[in-house]
Amino acid sequence: MLIGVLALGCGTSNAGQPEKSASGSAVERTTTTVVKPVTTTVTVTTWTTSTTTAAPLTSLPIAGPGIQAEISVYGSQLIHNPSGIAAGPDGALWFTNTGDGSIGRITTDGVITSYRVVGLPPQSGSGVAAQLVAGPDGALWFTWGNQIGRMTTAGVCTLLTGQNVSFAQGITVGPDGAMWFADGNSIGRVTTAGSVTIFQNPDIHTPVGIAGGPDGALWFSDTFGTGSIGRITTSGVVSTFTGGDGYSSQVLDPIGITAGADGALWFTNGGGGTIGRITPNGVVTNYSSVDVVGSAYVGDLEAGPGITAGPDGAIWFVNGKSIGRIPTSGKVTLYASKDIATPLWITAGPDGALWFTNGANSIGRISTTPTAHVSMP
């Protein structure tokens, strides 16, 4: 079955009015360009379906406080350099396979399916690219270089091309029911009908992650210079925040960003080795105090790209060769296992666990409500 995309009209307009940034200076008016979509619709096929179940390994506290967790890793020949991951409306986890240009699906009991998509070239060294999110239309939406894709749970993929998308990365659902994404030196918006809008502004430089905020705006990480956290309203008004001068409140090369249960935005400070928190009015706090859980070597807090809100009300993130958890009280716990190999992105699953893309050919799962109690070797 083919799915067409409705092409809406095009034009140019100025959106929003200047507003004050955190420093009190006026923000430039944003120019919004609406371009007519050029779409390619292809029907994808399933390679094969394979089932693999990893023996669960349970990380036990070494010393000090910590919550016991169970880590499982699912490896398969159908997984090739996985990057983004998101829970789908069908109760499975979906992920991007950047190594071979495919979209993967894994059920909570480990059944893996790979959908090879014509028109998706393999990507190398693109750990922050190729993200995906469940859209309000019941499909998965994803970024892939200069394309935006839509994958139904039945395996039908639509690629939107030729729309001034340069290098799309993070993607999220906005309060307006559209998907918003970080793109090159702009922020993009795509409706479920396939109409793309590109927001350009002098204060948007190199956006990577993006998330909906509690204030009805979109918040994004920007790695330009020492980095900043940006905010864009649905009408295109941009504000930027760089934090304070001290280590405890600086924004330093942020990558991933997510909304927390406490009404703030949380982000990975890649350049500072901390987890950052920013309130809707721009107050930044960094956290770096760590407890280690598990017998594998963890090292320092590295704060990789992936970060998400967990079902337990805490923030979960990837960290070198471990998975991190930070409650709103600010104490970081790192969960280590010899089976965690450079995780990239992480999401909350439908089973109450956290799922993450892991190394070259596996998907990981971590749960703080273990179903087995097996000591780590």
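Not measured: the values here are computed from a predicted model.

A.B. asks: I would appreciate a short explanation of the overall build of the protein in the present structure.
C.D. replies: Summing up its helical and strand segments, the protein has 0 helices and 34 strands in all. Out of the 377 residues belonging to the protein, those deemed buried represent 55%. For the protein, contacts bridging at least 24 residues in sequence account for 53% of all contacts bridging at least 6.

A.B. asks: Hey, could you run me through the sheet that holds strand S26 (residues 284-287) in this one?
C.D. replies: Hydrogen bonds along the backbone pair up the strands of a sheet, which may run parallel or antiparallel. Spatial strand order, S23-S24-S25-S26: 4 strands in an open sheet with antiparallel pairing. Lying at the two open borders of the sheet, with one neighbouring strand each, are strand S23 (254-259) and S26. The mean inter-strand angle of the sheet, taken between neighbouring strand axes irrespective of direction, is 25°. In the sheet, S23 pairs with strand S24 (residues 265-269) via 4 bridges, with the strands oriented antiparallel. Note on S24: the bridge partner recorded for Ile 257 is Phe 267.

A.B. asks: So what exactly am I meant to see when it comes to the sheet that holds strand S19 (residues 207-212) here?
C.D. replies: Reading across from one edge, S19-S20-S21-S22 is the order of the 4 strands in this open sheet, with antiparallel pairing throughout. The open sheet has two free edges, formed respectively by S19 and strand S22 (238-241), since each of these has just one partner strand. For this sheet the average axis-to-axis angle between neighbouring strands, irrespective of direction, equals 25°. Here 5 bridges tie strand S20 (residues 218-222) to strand S21 (residues 228-232), and the two strands are oriented antiparallel to one another. Pairing of Ser 221 across the sheet is with Ile 229, part of S21.

A.B. asks: What's the story with the pairing of strand S10 (residues 111-116) in this structure? I'm lost.
C.D. replies: Sheet analysis places strand S9 (residues 102-106) next to S10, joined by 5 bridges and oriented antiparallel. From the neighbouring strand, Gly 104 faces S10, where its bridge partner is Ser 114.

A.B. asks: Would you explain the nonpolar core in this entry?
C.D. replies: Core analysis: the biggest nonpolar cluster contains 15 residues, and Trp 94, Ile 103, Val 117, Leu 120, Phe 142 and Met 151 have the highest contact counts within it. Every element with two or more residues in this core is listed here: strand S12 (140-144) and strand S14 (156-161). Top element by residues in this core is S12. It accounts for 3 residues.

A.B. asks: Got a minute to help me understand unusual backbone geometry in this structure?
C.D. replies: A negative phi angle is the norm for most residues apart from glycine, just as the trans form is the norm for most peptide bonds. Residue Asn 81 is not a glycine yet carries a positive backbone phi of 50°. Asn 81 gets classed as partly exposed once you look at its relative accessible area, which sits at 36%. Even without glycine at this site, Thr 342 takes up a positive phi of about 55°. Given a relative accessible area of 45%, Thr 342 falls into the partly exposed group.

A.B. asks: Looking at this structure, I do not really get the pattern of salt bridges. What am I missing?
C.D. replies: Scanning the model with the defined rule gives 9 salt bridges in all. Ionic pairing is found between Arg 189 and Asp 176, a salt bridge with its closest N-O pair at 2.8 Å. Taken together, the residues Arg 189 in strand S17 (residues 186-190) and Asp 176 in the loop between strand S15 (168-173) and strand S16 (179-183) connect sequence positions 13 residues apart. Among the residues examined, Asp 176 registers a relative accessible area of 32% and is labelled partly exposed. Salt bridges linked by common partners bring Glu 70, Asp 351 and Arg 365 together as one network.

The rules we used
- Each chain has its residues counted from 1, following the order in which its sequence is written.
- Selection of residues for local features in this predicted model requires a pLDDT of at least 70, selection of side-chain atom pairs for listing and counting requires 80 or more, and totals for whole chains, interfaces and linings are taken over all residues.
- To obtain the side-chain values, all non-hydrogen atoms of the structure were used and water was disregarded.
- A run of H or I in DSSP counts as a helix once it spans at least four residues, and a run of E counts as a strand once it spans at least two, with each numbered from the N terminus.
- Each residue gets one of three labels from its accessible area relative to the maximum for its type: buried under 20%, exposed over 50%, partly exposed in between, using a 1.4 Å probe on protein chains only.
- In this analysis, two residues are considered to be in contact whenever any of their non-hydrogen atoms come within 4.5 Å of each other.
- In this scheme, strands are said to pair when DSSP sees at least two bridges between them.
- For helices, the fitted axis covers only the stretch in contact; all axes are lines through C-alpha atoms, and the angles between them, taken along N-to-C directions, range from 0 to 180 degrees.
- Nonpolar core, defined: a set of buried Ala, Val, Leu, Ile, Met, Phe, Trp, Tyr and Cys residues in which side-chain atoms within 4.5 Å join the residues together.
- For salt bridges, the criterion is a side-chain nitrogen of Lys or Arg within 4 Å of an Asp or Glu carboxyl oxygen.

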